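Residue strings, one per chain:
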Amino acid sequence: MTAGQRRRCFGLLRSAGDVWACVLEVNAWRRRRGDAPLVGYQGLCRELAASRPGTFGELDSVGARSVLRRFSDAWFAAAKRRQAGDVSARFPRRRRGLLPVRWYHGTFSLDGRRVRIPTAKGSAPVWVRLSREVPYPVEQVRSIALLCEGGRLFLDVTAEVPITRYPLGEEPDPGRVAGVDLGIIHPYAVAGPGGKALLVSGRAIRAEHRMHLADTKTRRRAVARRAPKPGQRGSRRWRQYRRRARLVEGRHRRRGRQAQHEAARTVITWAQQQRIGTLHVGDPRGVLHIAAGRRHNLRLRQWQIGRLLQVLTDKATLAGITVRLVDERGTSSTCPTCHRRVPKPRGRALTCPHCAFAGHRDLVAAATIATRVPGGGPTTAAMPVLPGVVTHRRAGRHLPGAGQSRRDPRRPPWAARGSVGPRRPAPPPDGGESLTLNGEDPQHPPDTRRTLVEPH
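Undergrad: I keep staring at the pairing of strand E9 (residues 196–201) and nothing clicks. Help me out?
TA: Look at any regular strand and the pattern is simple: side chains alternate between the two faces of the sheet. Of all six residues that make up E9, five are buried, and the element is covered over most of its length. Note that strand E8 (residues 188–191) and E9 share four bridges and pair antiparallel. Bridge assignment links Tyr-188 to a residue of E9, and that residue is Val-200. Here E8 folds back onto E9 in antiparallel fashion, the turn holding four residues, of which Gly-194 has a positive phi close to 80°. In this sheet, strand E14 (residues 389–394) lies alongside E9 in parallel orientation, the contact comprising six bridges.

Pasting the structure below:
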């Protein structure tokens, strides 16, 4: 975009931040007077209608109402959490410099790669050109949102996508149930009917988090001496550093989101091929309330359990597959054959000291999750179907160090000595299969690996 278009787009985002700050000021006045807070969407819209056009720059009433709806939803969500006993929930009282603005169907125009963003009465609309085509038909687009992330402007498009239609005899069968175990090393471990299973490796995602954290610490140590003191204005060099840091943070978040979407798409595609109609997903969000030290707490925060569940649910809904959350407690530490407690292994292989059972820990947990019902307590009355054919896939092939070179440019050369291994070509996108229960997800699996193993 041109400099003028960029200036006007950022002006809309700043005006949205002014609307947010105005709502905070109004509620602060009411709180000092002892009046009830103004948090309802209709009441906020009446206050907005009382203001004159141009009060918030070029921001029109539709965009300003989207900010009011965001504030109202955030306030009532915090109130609901506090009513449920969560004292850590906080009401929205923090100012925002830039705030996303949303416009709904009928208020904007989409013509190929050109988008007309509406503005306030008396000012010309903003025409911008997108960097790529919108992947939905124009009649399916329901809203657009202008936002800034990492110093870059984005246009978020929301469209109404119909549920996938299947030929007769190929649609998902609700009677075919698969269990899904969420994890860090394997974001999704799926055990389906017929002894077939899927392992999605997330080692590249974990490496991205680690290398990003190490790179951030290194950059902070490098600029610590020239950082401005509290109360001092930063220099031009410091502003450039902050801008670069925002760009790197935004790129890291986009890489992580894309990898999560790739992992979820792999699971849904595999489920469609197996005609699975129901996914029983183990809900591990209870571990978020357990303090396990700063290192493990950081891993849990980077895990993003809620996002993994939401992405999988959205894609499953479009594919016509039902997702049900079940209790996953004890699935990774219980033997599926003798139902006894098993010590947690250090690796991926689970070995029972009582009945000598051995299998992949994540797949055993997924097979046990498939036998549980939503809302019920832990039960192992039904015998889980242990996987015999394991399909390996990788998530995050776009991440640094996941290609043919297997080298992350952020890793120093001296730290990679003896750990890179032989240079092997990257596998095709479809990955490979193996018939082993204990096999690790290799860094670069061959095209096809078939080894017959007697099931336990």
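Undergrad: For this particular structure, what's the right way to read the sheet that holds strand E1 (residues 101–104)?
TA: Sheets are built from strands that pair by backbone hydrogen bonding, the pairs being arranged parallel or antiparallel. Spatially, the three strands line up as an open sheet ordered E1-E5-E6, and their pairing is antiparallel. Each having just a single partner strand, E1 and strand E6 (152–159) make up the two edges of the open sheet. Ignoring which end each strand starts from, the neighbouring axes of this sheet average 15° apart. In the sheet, strand E5 (residues 141–149) pairs with E6 via eight bridges, with the strands oriented antiparallel. The residue of E6 that forms the bridge with Glu-149 is Arg-152. Against the sheet, helix H1 (residues 3–33) engages E1, E5 and E6, with an angle of about 95° to E5.

Undergrad: Help me understand the pattern of salt bridges, please; the structure alone is not making it clear to me.
TA: Close approach of charged atoms allows side chains with opposite charge to pair. Summed over all chains, the structure comprises 12 salt bridges. One salt bridge in this structure joins Arg-253 and Glu-149, with 3.5 Å as the shortest N-O distance. Here Arg-253 is found in helix H5 (residues 236–273), whereas its partner Glu-149 is found in strand E5, with 104 residues between them in sequence. Arg-253 sits in the partly exposed class, given a relative accessible area of 37%. A salt bridge links Glu-149 to Arg-257; the nearest nitrogen and oxygen atoms lie 3.2 Å apart. Taken as a pair, Glu-149 in strand E5 and Arg-257 in helix H5 lie far apart in primary sequence, 108 residues in all. Overall, Arg-257 belongs to the partly exposed group, its relative accessible area being 25%. Look at the salt bridges and you will find they share partners, linking Glu-149, Arg-253 and Arg-257 into a network.

Cut-offs used in this document
- Residues numbered from 1 in each chain as written.
- Predicted model: local features only at pLDDT ≥ 70, side-chain atom pairs only at ≥ 80, totals over all residues.
- Heavy atoms only, no water.
- Buried < 20%, exposed > 50% of the residue type's maximum accessible area, 1.4 Å probe, protein only.
- Helix = DSSP H or I, 4+ residues; strand = E, 2+ residues; numbered from the N terminus.
- Pairing = 2+ DSSP bridges.
- Axes fitted to C-alpha atoms, helices over the stretch in contact; angles between N-to-C directions.
- Contact = heavy atoms within 4.5 Å.
- Salt bridge = Lys/Arg side-chain N within 4 Å of Asp/Glu carboxyl O.

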